[in-house]
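Residue-level structural notes
What follows is the residue order along each chain.
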Amino acid sequence: MAAVQGTGSLPSGQPREAPREAIPERGNAFRRLSARLCALRPDDSSSARTEIHLLFDQLISENYSEGSGVAPEDVSALLVQACRLVPLNQNHLVSKVSQLIHHLLNRLQYHSGPPTL
């Protein structure tokens, strides 16, 4: 039987609250992957294409939701960088970045109201 460690109690006998994370875990994963993607520079080598493909797969596999600590500005910056990195002659990467755009925008669904004309 596994031991369960409690959060302890204060001297007054009241239970101590477990510490809360300031940033949700999913937001951390997004920021980590985004930093890796933003550190890349356009390069049409096989190893660069493989790295981009793997990062896109990791970003797509994350289960984002509203309130996950991912700001719309961060998503926009990531998508701009992703589009800059993908050579247009690499159909599989163009398809993958399209999947990433669809995934992030549908999962996070940022509503800023109706567009202004």
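Summarised in this report is the structure supplied together with it. Values in this document were obtained by computation on a predicted structure and should not be read as measured data. (Residues numbered from 1 in each chain as written. Predicted model: local features only at pLDDT ≥ 70, side-chain atom pairs only at ≥ 80, totals over all residues. Heavy atoms only, no water.)

1. Quick look at helix H3 (residues 72-85)
For clarity, the threshold we go by: Helix and strand definitions here come from DSSP, where helices need a minimum of 4 consecutive H or I residues and strands a minimum of 2 consecutive E residues; each element is numbered from the N-terminal end. Between the first and last residue of a helix there are one fewer steps than residues, each counted as 1.5 Å, and that sum is the expected span. Only protein chains enter the accessibility calculation, which uses a 1.4 Å probe; a residue is then buried when its area is under 20% of its type maximum, exposed when over 50%, and partly exposed in between. In this description, the arc belongs to the directions extending from the helix axis to the C-beta atoms.
With 14 residues, H3 extends 20 Å between its outermost C-alpha atoms, agreeing within 8% with the 20 Å of an ideal straight helix rising 1.5 Å per residue. Of all the positions in H3, only Val75, Leu78, Leu79, Gln81, Ala82 and Leu85 are classed as buried. Buried residues of H3, seen end-on, are gathered within an arc of 165° and therefore sit on one face of the element. Every exposed residue of H3 that faces more than 90 degrees away from the buried side is listed here: Glu73 and Arg84.

2. Structural notes on the packing of helix H2 (residues 46-61) against helix H4 (residues 91-108)
How two helices pack is summed up by the angle between their axes together with the distance between the axes. The condition is simple: Interaxial angle, 0 to 180 degrees, is taken between N-to-C directions of lines fitted to C-alpha atoms, where a helix line uses only the stretch in contact. Any angle between 65 and 115 degrees counts as roughly perpendicular, while under 35 counts as roughly parallel, over 145 as roughly antiparallel, and the rest as oblique. Crossings are classed by handedness, with left-handed meaning an anticlockwise turn of the near helix from the far one by less than a right angle and right-handed meaning a clockwise turn. By definition in these notes, contact holds between two residues if any of their heavy atoms fall within 4.5 Å. Just so you know the grouping, Ala, Val, Leu, Ile, Met, Phe, Trp, Tyr, Cys and Pro go in nonpolar, Asp, Glu, Lys and Arg go in charged, and all remaining residues, Gly too, go in polar.
For the pair H2 and H4, the least separation of the axes is 10 Å and the interaxial angle reads 25°. Comparing their axes, H4 and H2 come out roughly parallel. Relative to H4, H2 is oriented so that their crossing is left-handed. Contacts from Arg49, Ile52, His53, Phe56, Asp57, Leu59 and Ile60 of H2 reach H4 at His92, Leu93, Lys96, Val97, Gln99, Leu100 and His103. Its residues assigned to classes, the contact of H2 with H4 shows seven nonpolar, four polar and three charged.

3. Quick look at the pattern of salt bridges
Counted only if it meets this: In what follows, salt bridge is the name for a side-chain nitrogen of Lys or Arg lying within 4 Å of a carboxyl oxygen of Asp or Glu.
Counted under the stated rule, the structure contains two salt bridges. With its nearest N and O atoms 2.7 Å apart, the salt bridge here joins Lys96 to Asp57. Placement of the pair is Lys96 in helix H4 and Asp57 in helix H2, with a sequence separation of 39 residues. Note on Lys96: relative accessible area 14%, which makes it buried. Given a relative accessible area of 28%, Asp57 falls into the partly exposed group.

4. Quick notes on the nonpolar core
Side chains of a nonpolar character, in soluble globular proteins, are inclined to be buried together. Put simply, the rule reads: Here, the term nonpolar core denotes a set of buried Ala, Val, Leu, Ile, Met, Phe, Trp, Tyr and Cys residues that are joined through side-chain atoms within 4.5 Å.
Counting residues in each nonpolar core, the largest one holds 20 residues, and the members touching the most others are Leu37, Phe56, Leu78, Leu100 and Leu104. Among the elements of the structure, helix H1 (25-38), H2, H3 and H4 are those that each provide at least two residues to this core.

5. Some details on H2
Residues separated by three or four positions in an α-helix point in the same direction, a consequence of the helix having 3.6 residues per turn. A rise of 1.5 Å per residue sets the reference length of H2, with its 16 residues, at 22 Å; its end C-alpha atoms lie 23 Å apart and thus fit the reference within 8%. Turning to H2, its buried residues number three or more, namely Ala48, Arg49, Ile52, Leu55, Phe56 and Leu59. Along the axis of H2, the buried residues cluster in a sector spanning 130°; they form a single face. Seen from the buried face of H2, the exposed residues on the opposite side, beyond 90 degrees, are Ser47 and Ser61.

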